[in-house]
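Spelled out, the chains give:
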Amino acid sequence: MSEAVAPSSEQKGILGWIERSGNKLPDPVFLFFWLIAGLIVISILASVMGWSAAHPTEIDEATGQARVITATSLISAENIQRLWVEMPKTFTHFHPLGYVLVVMLGAGVAERAGLFGTAMRAGVRNAPVFLLTPIVTLVGMLGNLAADAAYVVLIPLAGIIFHAAGRHPIAGIAAAFAGVSGGFSANLFPGQLDALLFGITEAAVETVFGDFTANIAGNWYFIAAMTFIFLPVIWYVTDKIIEPRLGKWDPARAGRADAEEQTDRDLTDGERKGLRWAGLAVLGVVALWLAFTFGPGTPLIDESASAEARLTPFYQSLVGGFFLLFLLAGWAYGKAAGTIDDHRGLVKMMSGAMEDLAYYLVLAFAAAHFVAMFAWSNLGLILAVEGADFLGNSGLPAWALLAAIILVSALLNIFVGSASAKWALLSPVLVPMLMLLGISPEMATAAYRVGDGATNIITPLMVYFPLILIFCQRWQKDFGLGSLAATMLPYSIGLLVAGIAMAIGWVVLDLPLGPGAGVFIDIPTAASTAPAVTS
């Protein structure tokens, strides 16, 4: 591992400037409030100027033409009513809130009982430290099959793992965040994200060309290749750029009671017994989930879905599964190791986990309202449609057009965080447009996925970005919004460059994207006069 350098607050260059500038911003809660104020002003101007776009799929029954989407002022009577009447709903329906609260109820017990620290210390004592980064990164990318659970489980665990190995815990969080979120589509197998995105792709094709059945495994080879291409990128950035830049881990900056824990001491008899009992609890939960998945009635398998989508209920159940696993494993460890006396101690630990999330709840309230109000203004939809129309009129060859789509997707991802919501906005224009140019729906989906993941890790509008900041601040109190953005920017640039190069190579070589799915298709008959693009 490289020699430690000056603390990140003393760094020079562009990353140092980003960090210093970002840390001068208001507290993230107030930053979201200021963003809301700016959004209100922009929505008023956009409404007065008549910003609009034709909806790509919806038809106005009165005119028989595409419905026109107009920018809506956030001080209109409708939006003012929506703001105050729906405020509880806007907050409580904020997508990641339920996932975070449920998982952290169990994880708080496992952490406070000492299970995490003991297990990670035992697991890494004799493991090569230099292999931690690729292991954490790979688990993060494969953890995408668990969707939201990967954010609230794997990322904080990565900090603990690096800390137990004597490495900077924020470097572990950064590597895991880059794997889970930057490599959001990378995986060895199709999962629920494939089912979700290709369902939207199928609908987009049908709006123009009628009946169409999407190949949900149509990106299988592509996303598997992404896994092997992104892994060394994240590994290099973590070990050669981020960890040297963070400097030597200083427990005094953490503000954690266990920050100075000695990670090289031998395990006590109680800790070893606790690990054995925790292991039995884990096996019990795993056996229970296998019974739910393969037992009578198969409640966690959708037998009516296609083969790739049948496990979607299983993936969605993992949040509850992780809650139960951490709760029972932490309880078993605590009883055996003597860190939990009775059920009152268990409840106290669960309450303590919620206390740790107090700031996140305040931050989630502000973030939820900004995301909701951006949708109410229609500005996200107008930006998406106009950007797609611009690409359609560019006349670029296939590889350049797809590279441009990746860049536009990456840019829009800063403003519209949800992968499915953004694809639902873009696909009705992009997919038929590319089909008319001879490019397959599978390739359009693959290009979108590359751009969508690369900038997930640098936008504060990504719903889990505030949570990652909280994870970092648990290890380093003075780690601010600018610190996180500066830390993740090299990952974002590296993944975007690698993803674009991979997509260009895929198009030029005309490689299969998945079983029965290629880059190019025959131009649909209805568009036989449209010129096909070349690779």
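Numbers given to residues run from 1 along each chain, matching the order in which its sequence is written. With the structure being a predicted model, the display of local features is reserved for residues of pLDDT at least 70 and the display and counting of side-chain atom pairs for 80 or more, all residues being used for whole-chain, interface and lining totals. Side-chain numbers come from the whole structure's heavy atoms, not from hydrogens or water.

(A) Focus on the side chain of histidine 369. By the criteria applied, helices consist of DSSP H or I runs no shorter than four residues and strands consist of E runs no shorter than two, each listed in order from the N terminus. Relative to the elements of secondary structure, histidine 369 occurs in helix H15 (residues 358-376). Among the polar contacts made by the side chain of histidine 369, one reaches the main-chain carbonyl oxygen of phenylalanine 365 at a distance of 2.9 Å. Contacts: residue pairs with any heavy atoms within 4.5 Å of one another. Dropping the residues within four chain positions of it, histidine 369 is found in contact with Ile36, Leu83, Met87, Thr90 and Phe91. Any N or O atom pair separated by 3.5 Å or less is treated as a polar contact, with the protein-specific requirement of one donor-capable and one acceptor-capable atom, and with residues adjacent in sequence counted only for side-chain atom pairs.

(B) Spotlight on the environment of isoleucine 406. Assignment of secondary structure puts isoleucine 406 in helix H17 (residues 398-412). Residues isoleucine 406 and isoleucine 500 lie 94 residues apart in sequence; the distance between their C-alpha atoms is 7.1 Å. Residue contacts for isoleucine 406: discarding those within four places in its chain leaves Ala447, Val450, Gly451, Leu496, Gly499, Ile500 and Ala503.

(C) Focus on the packing of aromatic side chains. In this analysis, rings of Phe, Tyr and Trp, with Trp reduced to its six-membered ring, are considered paired at centre separations within 6.5 Å, and the interplanar angle assigns stacked below 30 degrees, edge-to-face beyond 60, and tilted for intermediate values. Scanning all chains against the criterion turns up 11 aromatic pairs. Between the aromatic rings of phenylalanine 322 and phenylalanine 326, the centroid separation amounts to 6.0 Å while the plane-to-plane angle is 20 degrees, which identifies the pairing as stacked. Separated by four residues within a single helix, phenylalanine 322 and phenylalanine 326 lie in helix H13 (residues 312-337), roughly one turn from each other. For phenylalanine 322, a relative accessible area of 23% puts it in the partly exposed group. Relative accessible area decides the class of each residue, using a 1.4 Å probe on protein chains only: under 20% of the type maximum gives buried, over 50% gives exposed, and in between gives partly exposed. A relative accessible area of 7% means that phenylalanine 326 is categorised as buried. Connected via pairs of aromatic rings, a cluster forms that spans Phe32, Phe370 and Phe374.

(D) Here's a closer look at the nonpolar core. Judged by nonpolar contacts, the single largest core of 148 residues is most densely connected at Ile155, Phe177, Tyr360, Trp423 and Tyr491. For this core, the leading source of residues is helix H21 (residues 481-509), giving 12 residues. Once residues lying within four places of it in the same chain are set aside, the contact partners of tyrosine 491 are Ala171, Ala174, Ala175, Ala178, Ile234, Val237, Thr238, Ile242 and Ile457. Each nonpolar core is a collection of buried residues, namely Ala, Val, Leu, Ile, Met, Phe, Trp, Tyr and Cys, held together in the definition by side-chain atoms within 4.5 Å.

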